[in-house]
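# Chain and residue survey
Chain by chain, the residues run as shown.
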Amino acid sequence: MNFDDITGNGYLWAVKYDNEPDNELHRVFSEWNNPLWLDAFFTKHFQDLNNYFKVTSIEQAIDDTIEDADKLQAVFLDFEGEPEDLERLFKPLDNTVTYPKEMEKMKARGEKVNSHDSWLRIYAIRLTDGKYIITGGTIKLTREMKDREHTQNELVKIDRVRRFLIEEGIIDDEGFIDYLAEIS
């Protein structure tokens, strides 16, 4: 498992899993901007798309996803803000958590598109105020992540990364920076 510095300033990192060609942030945006991948995804999950979001056109779902992904991609890949900006973007994965702490599981989502909420999700571990490690992302079409295999896989990844960090003695951004210095 490797970590790519997305912002160049240590605020935002993305996991690059072993044997994967790219980091998780680039992977999700590649999928979300690929009409063929999206067509296969929405065809497979059409019932969820229709039941939860009331979208009945796969073509509309593809267009909405690409539009939303473009906006979200600009936020992440062109990030030049301050740590507080990331704090506003990420929310605790557990909706009952009111104030996130170090090593908290977090989520970011896209904006409302064409009269429906965004189904795009990016998942991360919060190291400390304004510093995050992206562990993955997906299209979430159901209320609970446990309801579908592709969202369950994102839970497994975020747990795996969190466990890895803790096993390496990383409990905050200072520990993460020390770890990166040791392995380079």
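In this report, we go over the structure that sits alongside the text.

Definitions and limits used
- Residues numbered from 1 in each chain as written.
- Predicted model: local features only at pLDDT ≥ 70, side-chain atom pairs only at ≥ 80, totals over all residues.
- Heavy atoms only, no water.
- Helix = DSSP H or I, 4+ residues; strand = E, 2+ residues; numbered from the N terminus.
- Rg over C-alpha atoms; globule rule 2.2 N^0.38 Å.
- Pairing = 2+ DSSP bridges.
- Polar contact = N/O pair within 3.5 Å; in protein donor to acceptor, adjacent residues only side chain to side chain.
- Contact = heavy atoms within 4.5 Å.
- Axes fitted to C-alpha atoms, helices over the stretch in contact; angles between N-to-C directions.
- Parallel < 35°, antiparallel > 145°, perpendicular 65-115°, else oblique.
- Left-handed = near helix turned anticlockwise from the far one by under 90°.
- Nonpolar A, V, L, I, M, F, W, Y, C, P; charged D, E, K, R; others polar.
- Buried < 20%, exposed > 50% of the residue type's maximum accessible area, 1.4 Å probe, protein only.
- Arc of directions from axis to C-beta.

Let's shift gears to the overall build of the protein chain. When you go through the protein chain residue by residue, the secondary structure sums to seven helices and six strands. Each helix and strand of the protein chain, placed in order from N terminus to C terminus, yields the pattern β-β-α-α-α-α-α-β-β-β-β-α-α. Relative to a compact globule of 184 residues, whose C-alpha radius of gyration would be 16 Å, the protein chain shows 16 Å and is just as compact. Reported as C-alpha extents along the three principal axes, the dimensions of the protein chain are approximately 50 × 35 × 30 Å.

In this structure, strand β1 (residues 2–5) lies alongside strand β2 (residues 12–16), joined through four bridges in antiparallel fashion. Counted as the bridge partner of D5 is W13 from β2. The turn joining β1 and β2, which pair antiparallel and follow one another in sequence, is formed by six residues; a positive phi near 80° is taken by G8.

Turning our eyes to something else, we now look at the side chain of T142. Along the chain, the position of T142 falls in the loop between β6 (131–139) and α6 (149–167). Looking at T142, its side chain comes within polar contact range of the main-chain oxygen of E144, at 3.0 Å. Every residue in contact with T142, bar those within four places of it in the chain, is listed here: D48, D147 and R148.

This next bit is on the packing of helix α1 (residues 24–32) against helix α4 (residues 58–77). With their axes 9 Å apart at the nearest point, α1 and α4 run at an angle of 155° to one another. If you check the angle between α1 and α4, you find them roughly antiparallel. Seen along the crossing, α1 lies across α4 with a hand that is left-handed. Residues L25, H26, F29 and W32 of α1 pack against T65, I66, A69, L72, Q73, F76 and L77 of α4. Partitioned by chemical class, the residues of the contact of α1 with α4 number eight nonpolar, three polar and no charged.

The next point concerns the packing of helix α2 (residues 35–44) against α4. Where α2 contacts α4, the axes come no closer than 9 Å and their chain directions differ by 125°. Relative to α4, the element α2 is oriented oblique. In terms of crossing hand, the pair formed by α2 and α4 is right-handed. Two secondary-structure elements touch here, α2 through P35, L38, D39, F42 and T43 and α4 through I58, A61, I62, T65 and I66. Its residues assigned to classes, the contact of α2 with α4 comprises seven nonpolar, two polar and one charged.

For helix α3 (residues 46–53), the full list of buried residues reads D48, L49 and F53. Projection of α3 onto a plane perpendicular to its axis shows the buried side chains occupying an angular sector of 100°, all on one side. Looking at the packing, one finds that the buried side of α3 touches α2 and α4. Once α3 finishes, K54 follows within two positions and takes phi at roughly 60°, a positive value.

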